[in-house]
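These are the residues of each chain, in order.
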Amino acid sequence: MEHLRLAQPILDDDDLYSGYNEYPSAFSTKDLEQDEILQQALRTSYGRRPVLTSKPGTAMRLGTATGYREGGVARPMTAVRGAGYTSASSQRQFDPLNQAVKLPATPQLETKREDSPEEKIRKLERKITELIEESCLASSRGEQRLALDKAKDASGKERSLIRMQEQAGLSETHNLDLTFSVLFNLANQYANNEMYSEALNTYQVITKNRMFNNANRLKVNMGNIYLKLGQFNRALKMYRMALDQVPSIHKDLRLKIMHNIGILFVKMGQFSDAIPSFEYIMQEKPDFATGLHMILCYYALGEKDKMKRAFQLLLECPLNIEDDEKYNATTDDPASNLILEVIKNDSLRKLERGMRQEAERSILTAAKLISPVIEDSFSAGYNWCVDAIKGSNHSSLASDLEINKAVMYLKQKEFSQAVDTLRAFEKKESKVASAAATNLAFIHFLQGDITQAEKYGEMARQADSYNAAAFVNLGNCSLARNDVEKAKELFACALDSDTSCVEALYNLGLVNKQLGLYEDALECFLKLQAIVRHHPQVLYHVAHLYELLGDVDQATEWYLQLLGIVPTDPGVLHKMAEMYDHDGDKQQAYQYHYDSFRYYPSNLEVLDWLGSYFIEHQVAEKALGYFERAALMQPNDVKWQLMAASCHRRSGNYHQALQAYKDIHARFPENIECLKFLIRLCSDLGLKEATEYALELKKAEKAKEVRERIGSSRPGSLRSGSGRSSRGGLNSPLSDSPQLSAGTRSSPPVPPQVSRLHKLALLEANESYSPTNLHRDVDASYSDPLGPLAERPRTSAGRKPPGQVEDEFGDEELGDDLLPE
């Protein structure tokens, strides 16, 4: 019984066939993730391209013996052997997926070849696009030369691109838009660099190519270039050709081209031909610039009625700008007020302000132009324009026009009417009253009435505390009263109100310069130079201030900049000459002195320097012309005539020198220097007049001593220990000079303030003469034409040769004492 087993009862719920399918199947999808062989196969075949084989036949699709084989054994389609259970299964491993059969390897996906022609073409196109962008950006920055170089580089690469496409057989894939961009940018950069012929050639290449759409519109650019070149007929032809190519739907472009045509007719003087273009624009889309140009054409033709009608059309032009009141803070909301503060000076606000200023400028310019001619009188014409403006949307401009009326009265020198016109604004609104008071203050300042000028200047300041012009006028009045400190404060207040007020900045620089504050003055003028570029007066003050500060290099640089703007200014040339003369560069000093003389030959200082320069270089013939010119300018100054006569003597023209000294003696009989030179020449030439001149010299010296004695005995006169004459100075260094008195034989010291000419004159006449010493030489450059005294022959008349004169005692004095220079 122990070996008996009781049978388990069979339940109805049990499945008789359960468990038959509980084995891992190769085709079960739920075990695929755990199947290592399948996962390995999937990993090794990832990314491979499947093998392209022919379409399997019916036997292959059905898995018959002619289809799949396993180890060379046919696999009949049976339930057991088809799953791999064969009698030969012991000889090989179980391989349900037939992985033992080595199929041909699947090639990897082909990667892009970087050296392929297509890839090279795409890279080159990107490089060309980048060069075009860089060229445009450089042009926007003002670097026109760099922009042109980039444009040329892009053009060269674009030609290389075309050759590359032709070699690769891809010409049909060429990008025409890229070629158009390259050529168009190149033409623009040529035009910006003023290479107009190259730009025209490039534009012609574009317009002649019919493959470019709308290329004929570029003839507008060609017309602009011809206009710059002054070829108006060609420019007109280009504009008309471009106008024909623009369709009617592009209305704005057509109006702009017509405006160019009208301007071109104006430049050609054909005003009647220009009017139709402007009238058409005013009918289609009126604007202020076109209206002003139409009024100019009517003014040139003298059409009074049409000028009035055109002015009314100008006033009717829409401004398309909202009221400025929206920028005023009307609420207590801090956020809203902050937003208003931000948008007050944003780009849109600046654009609106510019449009308003353009409209006001056009209206006021037209009114100023036509007011004197549209009516019988000047006042009637202005009144008509003022009434027309008051009845338009620009009524605020009426007051400005009335103030301009007063300015026109000033230009016509009708001061009383100008003052009456301006006084009518005293009780009007603040800004208008301030402008009128400013003009009144300026008028009274020009008339020299400082009290009234201050009165109206104060009225202008009270009417508008931010009126910089009022502070400038008050500062000028204080400066006229020599109150320099107060003037400085007022000019500073003007700059606080308006930092761009150039008048206040200029006057403040002058005041600081007058006070000796050279650093502050230099700062003012450098700021002014940044605002008003290359203004001659500003450049001069900057250079002069550097000179006062001792910075010679900077002063020279700024003076050279000034000469670049005004190369014919004799004062600047003279200043440069003085600076080079101070540095010891005589050659440059002479060049600038000579240039100054060429542009202004009446400067005595320049004539003095040039004459002395040639005297020092022993070229008396060239110095003669300068001294003669100075003598003509100052005929009553004896020094110029003495120097001219000395030039004759130095150059060996003794007879001319003698005649010149005689003429000087006739005009100035008491001049001691002239008498000395006459004695010298007469003695050298053996003339008997030497004794007469010696007696006259003695009388002149005695008279001079008497005058000096009388002058020294007068109350309040000064007697100098060195014997310097009280009447001697820079203008008279020779006459009445104590260094030239009798008995003085040594060369006297030359005062430092005496100029070059005065030094030469003192050296010229430093040798004294007396009745017993008649012929001592006073010129080291003089040489006796007869040679040494021992070799001189006697004359046929028994007269002693020149250089040997008997005095009243019968003794002989030899002229052998020469003054070394």
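In what follows, the structure referred to is the one given above.
Criteria and cut-off values
- Residue indices begin from 1 for each chain and proceed along its sequence in written order.
- Selection of residues for local features in this predicted model requires a pLDDT of at least 70, selection of side-chain atom pairs for listing and counting requires 80 or more, and totals for whole chains, interfaces and linings are taken over all residues.
- Computation of side-chain values covers all heavy atoms of the structure but excludes hydrogens and water.
- Distance thresholds for patches are 9 Å for like charges and 5 Å for nonpolar side chains (Val, Leu, Ile, Met, Phe, Trp, Tyr), applied to residues having over 30% relative accessible area and no salt bridge.
- Working definition of accessibility: Shrake-Rupley area with a 1.4 Å probe, residue cover restricted to the visible protein chains.
- When a carboxyl oxygen of Asp or Glu is within 4 Å of a side-chain nitrogen of Lys or Arg, the pair counts as a salt bridge.
- Under the scheme used here, helices are H or I runs from DSSP no shorter than 4 residues and strands are E runs no shorter than 2 residues, and both carry numbers assigned from the N terminus.
- When accessible area is computed with a 1.4 Å probe and restricted to protein chains, residues below 20% of their type maximum are described as buried, those above 50% as exposed, and intermediate ones as partly exposed.
- Pairs of N or O atoms are called polar contacts if they sit within 3.5 Å, as long as, within protein, a hydrogen donor faces a hydrogen acceptor (for residues adjacent in sequence, only side-chain-to-side-chain pairs).
- Here, expected helix span is obtained from the residue count minus one, scaled by 1.5 Å.
- Side-chain atoms within 4.5 Å are what join buried Ala, Val, Leu, Ile, Met, Phe, Trp, Tyr and Cys residues into a set we call a nonpolar core.
- Residues are treated as being in contact if the distance between any of their heavy atoms lies within 4.5 Å.

Draft legend 1. The arrangement of a nonpolar patch on the surface in detail. A cluster of nonpolar residues, Leu348, Leu351 and Met355, forms a patch on the protein surface that exposes about 270 Å² of accessible area. Turning to its location among the elements, Met355 is positioned in helix α14 (residues 347–374).

Draft legend 2. Up close: the side chain of Asp684. In this structure, Asp684 sits in helix α32 (residues 672–685). Accessibility expressed as a relative area gives 11% for Asp684, which makes it buried. Polar contacts involving the side chain of Asp684 include one to the side chain of Arg680, which spans 2.8 Å.

Draft legend 3. Seen up close, unusual backbone geometry. Positive phi, close to 60°, is recorded for Glu194, a residue that is not glycine. In this structure, His534 takes a positive phi of about 60° despite not being glycine. Here His534 shows up in the loop between α23 (518–531) and α24 (536–548). Residue classification places His534 among the partly exposed positions, given a relative accessible area of 45%.

Draft legend 4. Just helix α22 (residues 502–514), in detail. End to end, α22 covers 18 Å across 13 residues, agreeing with the expected 18 Å (1.5 Å per residue, within 8%). Those residues of α22 not exposed but buried are Ala504, Leu505, Tyr506, Asn507, Leu508, Gly509, Val511, Asn512 and Lys513. In the stretch just after α22, Gly516 is the one whose phi turns positive, near 85°.

Draft legend 5. Inspection of the pattern of salt bridges at higher detail. Tallied over the full model, the rule gives 15 salt bridges. The closest approach of N and O atoms between Asp252 and Lys285, which form a salt bridge, is 3.4 Å. Highlighted residues: Asp252 in helix α9 (residues 251–267) and Lys285 in the loop between α10 (271–284) and α11 (288–301), separated in sequence by 33 residues. Asp252 sits in the partly exposed class, given a relative accessible area of 41%. Among the salt bridges present, the one from Asp595 reaches Arg598, with a minimum N-O distance of 3.4 Å. A residue pair is termed a helical-turn pair when its members lie 3 or 4 positions apart in one helix, as Asp595 and Arg598 do in helix α27 (residues 586–599) at 3 residues.

Draft legend 6. Spotlight on the nonpolar core. In this structure, Ile257, Phe311, Ile363, Ile389 and Leu401 are the most contacted members of the largest nonpolar core, which totals 70 residues. Element by element, the count of residues in this core is highest for α14, at 7 residues. Every residue in contact with Ile257, bar those within four places of it in the chain, is listed here: Val220, Tyr239, Ala242, Leu243 and Val246. Counting 60 residues, the second largest nonpolar core, distinct from the first, contains Leu474, Phe491, Leu539 and Tyr590.

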